[in-house]
Each structure stands twice: as C-alpha cells, then as structure tokens.
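Examination of the molecular architecture
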Amino acid sequence: MEKTTFEEIETSFHSMPLTKYIIPTALEQEWLKSAVADYELDLSCDLEYDEENHCFSSVLDRQTVRVLALMMYVSYLQRELSRVMALNGIYTKDVQITGADGTKRVTKQELEFEIVRVKERLHKLKQHCFD
C-alpha cells in the first residue's frame with residue numbers, strides 16, 4: 001500500500017529557499033509533527049501520521065503536502081528570525097556593526113509573508129457551508 005513519507009514532505013520543504021546550513025533531520029521531523037498538529041487543528045481532520053515510521057497511513061494529495069511543507073518553512077523562518085534577532089551589535093572606537101539590521105527586517109518580512117500564505121492555503125482547503 002502506498003503511503004506519503006516524511007522524505008516526500010521534506011523534499012517539498014527543501015524546494016523552498018533555505019539557508020546554506022544543514023538542518024538536522026530530527027529538527028525537520030519535529031517541524032513536520034507541529035505542522036501536522038496545526039493542520040489537523042485548523043481543518044478538523046486526522047492525517048494519521050505515524051511518528052515512529054515517519055509516514056502517513058495513505059497517500060496525501062499535493063495540496064496537503066505543499067501546505068505541510070510551507071508550515072515547516074514557517075517554523076524554519078521563526079527559528080531563523082530568532083537566531084538573527086539574537087545577533088548583537090558590536091561597537092568599538094573604530095568599528096560599528098549593527099547586528100545585521102537589514103537581515104532582521106528581511107527575515108521578518110519573509111516570515112510574515114509565509115504565514116499569510118499558509119493561512120490563505122488552509123482557508124482554501126476548508127469546506128465552506130455556502131458552497
């Protein structure tokens with residue numbers, strides 16, 4: 001029986017712009033578990049994700065795979081923003097480095113954009129009573 005695996009969601013996640021740093025697989029698996037929980041809560045459904053075997057009980061449609069990957073990307077951006085925000089400025093007599101203020105601003109804007117994109121896609125997946 002065919003099943004959607006963690007690796008398939010991970011591939012979609014890695015198709016988005018990412019850092020040059022390697023992200024531990026365990027962290028990506030945690031992001032997927034969070035994405036599944038949020039997806040199930042927002043859409044009142046059960047995706048039947050097996051955390052031990054890292055797969056779903058069936059084949060997920062492309063829309064669901066993409067939304068889960070986007071939700072993982074939001075988790076990545078939240079972590080990246082936290083990392084960038086922790087950078088402190090360096091002030092000496094001769095040099096002033098402001099802690100990458102531009103990077104902080106751009107990362108925050110990207111995070112806000114992706115959150116809106118996830119909300120829009122989740123809304124499109126909901127069954128509306130006026131249909």
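Look up a bit, the structure's there.
As a starting point, this report considers the structure included with it.

Thresholds, definitions, all that
- Residues numbered from 1 in each chain as written.
- Predicted model: local features only at pLDDT ≥ 70, side-chain atom pairs only at ≥ 80, totals over all residues.
- Heavy atoms only, no water.
- Helix = DSSP H or I, 4+ residues; strand = E, 2+ residues; numbered from the N terminus.
- Contact = heavy atoms within 4.5 Å.
- Buried < 20%, exposed > 50% of the residue type's maximum accessible area, 1.4 Å probe, protein only.
- Salt bridge = Lys/Arg side-chain N within 4 Å of Asp/Glu carboxyl O.
- Core = buried A, V, L, I, M, F, W, Y, C linked by side-chain atoms within 4.5 Å.

Structurally, Gln29 can be placed in helix H2 (residues 25-43). Sequence-distant contacts of Gln29, defined by excluding residues within four places in its chain, comprise Phe6 and His54.

Leaving glycine aside, a negative phi is the common case for residues, and trans is the common case for peptide bonds. Although it is not a glycine, Ser44 sits at a positive phi angle of roughly 50°. Mapped onto the fold, Ser44 is located in the loop between H2 and strand E1 (49-50). The residue His54 is not glycine, and still its phi comes out positive at about 55°. Look at His54 and you get partly exposed, because its relative accessible area is 23%.

Mapped onto the fold, Val65 is located in helix H3 (residues 62-85). A residue is classified by how much of its surface remains accessible, and Val65, at 3% relative accessible area, is buried. Considered as a pair, Val65 and Thr5 are 60 residues apart in the sequence and their alpha carbons are 10.0 Å apart. What Val65 contacts, discounting residues up to four positions off in sequence, is Thr4, Glu8, Ile9, Ser12 and Leu60.

Another point: the pattern of salt bridges. This structure, assessed with the given rule, holds five salt bridges. Of the charged contacts in the structure, one is a salt bridge between Glu30 and Lys33, with a shortest N-O distance of 3.2 Å. Of this pair, Glu30 and Lys33 are both found in helix H2, three residues apart, which corresponds to roughly one turn of the helix. Exposure remark for Glu30: the relative accessible area of 40% places this residue in the partly exposed category. Linked through salt bridges whose partners overlap, the residues forming this network are Glu30, Lys33 and Glu51.

Once that is clear, we can look at the nonpolar core. One finds Ile9, Phe13, Leu32, Tyr39, Phe56, Leu68 and Met71 to be the most contacted residues of the largest nonpolar core, which totals 31 residues. Those elements that place two or more of their residues in this core are helix H1 (6-14), H2, H3 and helix H4 (101-125). Considering every element that reaches this core, the biggest residue donor is H3, with twelve residues. Ignoring sequence-local partners within four residues, the contact set of Phe13 consists of Leu18, Ile23, Glu28, Trp31, Ala69, Met72, Tyr73 and Tyr76.

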